[in-house]
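Residue-level listing of the chains:
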Amino acid sequence: MANDLEWQDFLKKYQQRLYRRGQIVLFQGESPRYAYYIKKGIIKTYNIDYDGKEQFIDLLSIRATFPKLWIWDQDNNARYYYEALSDCYIYLIPKGAYRDFIKDNQKLMEGEMLSTLNDYKNSSSRLNALLYTRASDKIAHILIYLVNTYANNTKSDNITIDIKLTHQHLASLTGLTRETVSVELNKFKNMGVLSYKPSQYRININKLNQVLKKEF
């Protein structure tokens with residue numbers, strides 16, 4: 001079984017590249033040259049619809065590898081745009097080398113499977129948020145999604161999410177307008193559920209859970 005030291009030794013063999021915030025790592029429809037492994041930073045994935053509007057898909061953080069469908073021969077091209085939401089350090093690994101190393105190590109293969117299942121769980125959670133009709137419910141559930149996916153410490157009552165998320169990003173995640181998101185976030189702020197600044201959200205998980213309980 002591979003341990004973390006073996007994984008780090010494997011990564012050292014390959015180029016590490018800095019992508020500045022706002023830089024496109026992969027274009028939608030592009031044929032990737034590498035498996036991309038995030039050492040540091042956040043990657044935003046999105047589509048562009050027929051009207052030229054950005055449709056937010058997901059966020060990828062440290063230890064994530066993309067594009068997974070291409071890596072495992074389930075797609076020929078990148079399905080989405082992959083853009084650096086923050087400055088990102090990313091390893092560029094040949095697909096064959098990545099797959100061979102993962103396959104030869106049971107622990108890493110199990111980790112890859114769990115990562116895929118976790119991606120599915122998080123996508124389902126975000127889809128669940130979209131299904132609610134009330135704006136407050138959408139915001140509450142998208143905050144839970146962010147906590148479960150990107151929080152640095154989920155054992156604390158006050159959970160910090162260090163991602164530069166604008167109100168427009170949250171609007172894209174929830175299907176709401178930016179103005180509605182601003183109004184709802186202020187409501188949650190006044191209830192003591194969260195505080196925020198441009199690059200950080202701080203969420204009181206106990207108060208957020210109380211809000212969710214009131215739904216039912």
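This text follows the structure it describes.
It should be emphasised that the depicted structure is a prediction, and the values quoted were computed from it without experimental measurement.

Visitor: Account for the nonpolar core, with residues named and values stated.
Guide: One finds Leu-170 and Leu-208 to be the most contacted residues of the largest nonpolar core, which totals 33 residues. Excluding anything up to four places from it in sequence, Leu-208 contacts Ala-140, Leu-143, Ile-144, Phe-188, Val-193 and Ile-203. Tyr-19, Ala-64, Ala-84 and Cys-88 belong to the second largest nonpolar core, which has 16 residues in total.

Visitor: An account of the sheet that holds strand S3 (residues 35-40) is needed here, citing residue identities and associated values.
Guide: Sheet architecture is open: four strands sit in the order S1-S8-S3-S6, paired in antiparallel fashion. The open sheet terminates on both sides in strands that have one partner only, identified here as strand S1 (15-19) and strand S6 (65-66). Bridge count for S3 against strand S8 (residues 88-93) is five bridges, and the pairing is antiparallel. If you follow Lys-40 over to S8, its bridge partner there is Tyr-89.

Visitor: Describe the sheet that holds strand S9 (residues 158-161), naming the residues involved and giving the relevant values.
Guide: Strand order across the open sheet formed by three strands is S9-S11-S10, with antiparallel pairing between neighbours. Bordering the open sheet on either side are S9 and strand S10 (194-197), each of which pairs with just one other strand. Averaged over all pairs of adjacent strands, the angle between strand axes in this sheet comes to 15°, irrespective of strand direction. Where S10 lies against strand S11 (residues 200-204), four bridges are found, and the strand directions are antiparallel. Its bridge partner being in S11, Tyr-196 is matched across the sheet by Tyr-201. Packed on one face of the sheet, helix H7 (residues 178-190) meets S10 and S11 and runs near 125° to S10.

Visitor: Requested: an account of the environment of Asp-75, with residues and values cited.
Guide: Relative to the helices and strands, Asp-75 is located in the loop between helix H2 (68-71) and strand S7 (81-84). The spatial distance from the C-alpha of Asp-75 to the C-alpha of Val-147 is 30 Å, given a sequence separation of 72 residues. Discounting residues that sit within four places of it in the chain, Asp-75 has contacts with Leu-69 and Trp-70. A distance of 2.9 Å separates polar atoms of two side chains, one belonging to Asp-75 and the other to Arg-79.

Visitor: Provide a residue-level description of the pairing of S8, including the pertinent values.
Guide: Most of S8 sits inside the fold, with five of its six residues counted as buried. As defined by bridge partners, S1 adjoins S8 across five bridges and the pair is classed as antiparallel. Each bridged residue has a counterpart across the sheet, and for Leu-18 the counterpart in S8 is Tyr-89.

Visitor: I'd like a description of helix H6 (residues 167-174), backed by residues and values.
Guide: Counted residue by residue, H6 has six buried out of eight residues, so it is predominantly covered. Where H6 is concerned, the buried positions are His-167, His-169, Leu-170, Ala-171, Leu-173 and Thr-174. Trailing H6 by a residue or two, Gly-175 shows a phi angle of about 80°, which is positive.

Visitor: Explain the packing of helix H3 (residues 95-103) against helix H4 (residues 106-131) to me, using residue names and the numbers behind them.
Guide: Here H3 crosses H4 at 110°, and the two axes come no closer than 6 Å. Considered as vectors, H3 and H4 are oriented roughly perpendicular to each other. Every residue of H4 that contacts H3 at Tyr-98, Phe-101, Ile-102 and Lys-103 is listed here: Leu-108, Met-109 and Glu-112. Looking at the contact of H3 with H4 residue by residue, the class counts come to five nonpolar, no polar and two charged.

Visitor: If you had to explain the pattern of salt bridges to someone new, which residues and values would you point to?
Guide: Summed over all chains, the structure comprises nine salt bridges. For the salt bridge of Arg-20 with Asp-87, the shortest nitrogen-to-oxygen distance reads 3.1 Å. Linking Arg-20 in the loop between S1 and strand S2 (24-26) with Asp-87 in the loop between S7 and S8, this pair joins segments that are 67 residues apart in sequence. Put simply, Glu-184 and Lys-187 hold a salt bridge, and the shortest N to O gap is 3.4 Å. Of this pair, Glu-184 and Lys-187 both sit in helix H7, three residues apart, which is roughly one turn of that helix. The class of Glu-184 is buried, set by a relative accessible area of 8%. Taking relative accessible area as the criterion, Lys-187 reaches 42% and is therefore assigned partly exposed.

Visitor: Help me get a handle on the packing of aromatic side chains, residues and values and all.
Guide: The geometry of an aromatic ring pair comes down to the distance between the two centres and the angle between the two planes. Scanning the entire structure with this criterion turns up 13 aromatic pairs. When the centroid spacing of 5.2 Å and the interplanar angle of 65° are considered together, the rings of Phe-10 and Tyr-14 count as edge-to-face. Here Phe-10 falls in the buried class, since its relative accessible area comes to 4%. Look at Tyr-14 and you get partly exposed, because its relative accessible area is 22%. Grouped by ring-pair contacts, the aromatic residues Trp-7, Phe-10, Tyr-14, Tyr-37, Tyr-91, Tyr-98 and Phe-101 constitute a single cluster.

Quick notes on the rules
Here, residues in each chain are numbered from 1, in the same order as that chain's written sequence. This being a predicted model, a pLDDT of at least 70 is required before a residue's local features are given, and a value of 80 or more before pairs of side-chain atoms are given or counted; all residues contribute to the totals for chains, interfaces and linings. With hydrogens and water stripped out, all remaining heavy atoms of the structure feed into the side-chain values. Put simply, buried Ala, Val, Leu, Ile, Met, Phe, Trp, Tyr and Cys residues joined by side-chain atoms within 4.5 Å make one nonpolar core. Using a 1.4 Å probe on the protein chains alone, a residue whose accessible area is under 20% of its type maximum counts as buried, one over 50% counts as exposed, and one in between counts as partly exposed. Residue contacts follow a heavy-atom distance rule, with two residues in contact if any of their heavy atoms lie within 4.5 Å. Here a strand pair is declared whenever DSSP counts at least two bridges between the two strands. Starting at the N terminus, helices and strands are each numbered in turn, a helix being any DSSP run of H or I of at least four residues and a strand any DSSP run of E of at least two. Interaxial angles span 0 to 180 degrees and are taken between N-to-C directions of axes, which are lines fitted to C-alpha atoms, for helices over the stretch in contact. We define a polar contact as two N or O atoms separated by no more than 3.5 Å, with the added condition that, inside protein, one atom must be a possible hydrogen donor and the other a possible acceptor, whereas residues neighbouring each other in sequence contribute only through side-chain atom pairs. Small angles under 35 degrees read as roughly parallel and large ones over 145 as roughly antiparallel, with 65 to 115 read as roughly perpendicular and the rest as oblique. Throughout, the ten residues Ala, Val, Leu, Ile, Met, Phe, Trp, Tyr, Cys and Pro are labelled nonpolar, Asp, Glu, Lys and Arg are labelled charged, and all others, Gly among them, are labelled polar. By definition, a salt bridge exists where a carboxyl oxygen of Asp or Glu is found within 4 Å of a side-chain nitrogen of Lys or Arg. For Phe, Tyr and Trp, rings pair up if their centres lie within 6.5 Å, where Trp contributes its six-membered ring, and each pair is then called stacked (planes under 30 degrees apart), edge-to-face (over 60) or tilted (otherwise).

Limitation: the analysis is restricted to geometry and does not speak to function.
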